[in-house]
Amino acid sequence: MSEPSTETTTGRGRGPGLFRTAWGHGRTKVGVVLTGLIVLIAVLGPFVAPYSPTEFVAKPFETGVDGALFGGDERGRDVLTRFLWGGWTLLLLAVASAGIGVLAGTVTGIIAGYQRGWLDDVLMRTNDVLLAFPQLIAALLVMSILGPQPWLIVAVIAVSHMPRVARVIREATRKVIEQDYVKAAEAIGLPRHRIMVFEILPNVTSPLLVELGLRLTYSIGVVAVLGFLGMGLQPPTADWGLMINENRQGMGVQPWAVALPVTAIAILTIGANLVTDGLSRASIGIDRGVQK
């Protein structure tokens, strides 16, 4: 019986092979379609929005307005315009925080897993301290002290992601370094940094991609919640989380101002989850018979 670690870190977990296998799962295709739809709205929305996001076109919470398909928000701004403008900010912050967090966690995990010894202990104990703070509570605490700033939102979420990614990549690294190709690279005197970059990193691609998907999903939720609680981007910025907070009191007369961003965030989260699940299944070899 072959060891799971060998399959995960060599053959099917590397490069295009993982994506081809994941694409064979129906959930991955559905996830890509759902995620792609929301990404298109977020990216192209500002170019097709009928008004400026700060332009007043109706009375507060007014519906049935000519030229405003979904009516006005709590200040009389066009709901559709605010929705089309609000997605790219959430997407940008979520992608940036997930990317930075995964990058930092990957570097930390590979170094800890390969170097071992006292450096491993220091890095992992530091990670344990960071893991003791719940993501959302830590973000709210920092925002309340320093004030909500886009760069700070990215930094706080990225730092909260880093230890979780580091633990996963460290374990994957410790399995990879037992492989013959790593031992051969050490035997010929290849520098440690080259071994980590060219031998270990390509062979932890599988768990790395799964973690990236998970962290992106969590980032979307945290950014949206911070916006809803008033600790994210501030008015008059168009932001989906902020839209929900601003218009929740008028849901009885103007539901679109809340329904549109809530639906978009839900679809984006579901889509990202499905893609991540497809990658995870492909990584560990579940449903192998899907692809012929």
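For the structure, check the block above.
Along each chain, numbering runs from 1 in the same order as the chain's sequence is written. Note on the predicted model: pLDDT of at least 70 is required for a residue's local features to be given, and 80 or more for side-chain atom pairs to be given and counted; whole-chain, interface and lining totals, by contrast, use all residues. Only hydrogens and water are removed before side-chain values are computed, so all heavy atoms of the structure are retained for them.

**Some details on the overall build of the protein chain**
1) Next: To qualify as a helix, a DSSP run of H or I must reach at least 4 residues; to qualify as a strand, a run of E must reach at least 2; elements of each kind are numbered from the N terminus. If you tally the helices and strands in the protein chain, you get 12 helices and zero strands.
2) Next: Ordered by position in the sequence, the α and β elements of the protein chain form the string α-α-α-α-α-α-α-α-α-α-α-α.
3) Next: Taking the principal axes of the C-alpha coordinates as reference, the protein chain spans close to 75 × 50 × 30 Å.
4) Next: Whether a residue is buried, partly exposed or exposed follows from its accessible area with a 1.4 Å probe, protein chains only, as a fraction of its type maximum: under 20%, in between, or over 50%, in that order. Across the 292 residues that make up the protein chain, the buried fraction comes to 46%.
5) Next: The contacts in the protein chain between residues at least 6 apart in sequence include a share of 73% that link residues at least 24 apart. In what follows, residue pairs with any heavy atoms lying within 4.5 Å of each other are defined as contacts.

**Describing the packing of aromatic side chains**
1) Next: Only Phe, Tyr and Trp rings take part, Trp by its six-membered ring, and two of them pair if their centres are within 6.5 Å. Stacked means planes under 30 degrees apart, edge-to-face means over 60, and tilted covers everything else. In this structure the tally under the stated criterion is two aromatic pairs.
2) Next: A ring pair is formed by Phe70 and Trp256, whose centres lie 4.8 Å apart and whose planes are at 55 degrees; its orientation type is tilted. One end of the pair, Phe70, is in the loop between α3 (26-48) and α4 (79-115); the other, Trp256, is in helix α12 (residues 256-284), and 186 residues separate them in sequence.
3) Next: On the accessibility criterion, Trp256 (41% relative accessible area) is partly exposed.
4) Next: Ring centres 5.2 Å apart and planes at 15 degrees place the aromatic pair Phe83 and Trp240 in the stacked group. Here Phe83, found in helix α4, pairs with Trp240, found in helix α11 (residues 240-247); they are 157 residues apart in sequence, far enough to count as distant.
5) Next: Judged by relative accessible area, Phe83 falls into the buried class, the value being 8%.
6) Next: Among the residues examined, Trp240 registers a relative accessible area of 1% and is labelled buried.

**Observations concerning the packing of α4 against helix α10 (residues 205-228)**
Geometry of a packed helix pair, given as the angle between the helix axes and the separation of the axes.
1) Next: Between α4 and α10, the shortest axis-to-axis distance is 8 Å and the interhelical angle comes to 140 degrees. Compared by their axis directions, α4 and α10 come out oblique. Like other packed secondary-structure pairs, α4 and α10 cross with a definite hand, here right-handed. Note on element contacts: α10 touches α4 through Leu208, Glu211, Leu212, Arg215, Leu216, Ser219, Ile220, Val223 and Ala224, opposite Leu90, Leu93, Ala94, Val95, Ser97, Ala98, Val102 and Thr106. Whenever a helix is involved, its axis is fitted only over the stretch in contact; in every case the axis is a line through C-alpha atoms, and angles between N-to-C directions fall within 0 to 180 degrees. Small angles under 35 degrees read as roughly parallel and large ones over 145 as roughly antiparallel, with 65 to 115 read as roughly perpendicular and the rest as oblique. Whether a crossing is left-handed or right-handed is set by the direction in which the near helix is turned from the far one by less than a right angle, anticlockwise for left-handed and clockwise for right-handed.

**A word on the layout of surface pockets**
1) Next: Cavities and pockets were defined on a 1 Å grid built from protein atoms only: a cavity is a group of points that admits a 1.4 Å probe but offers it no way out, a pocket is an open group of points flanked by protein on both sides within 12 Å along at least five of seven lines, and a lining residue is one with an atom within 4 Å of any such point. Grid points are joined across faces, edges and corners, and a volume is the space filled by probe spheres set on the points. As a volume, the largest pocket reaches approximately 270 Å³.
2) Next: Residue lining of the largest pocket: 13 residues in total, with Leu212, Gly213, Leu216, Val275 and Leu279 positioned closest to the centre.
3) Next: Counting only elements with at least two residues in the lining of the largest pocket, the list comes to α3, α10 and α12.
4) Next: Three classes are used, and their members are as follows: Ala, Val, Leu, Ile, Met, Phe, Trp, Tyr, Cys and Pro are nonpolar, Asp, Glu, Lys and Arg are charged, and the others, Gly among them, are polar. Here the residues of the lining of the largest pocket sort into nine nonpolar, four polar and no charged.

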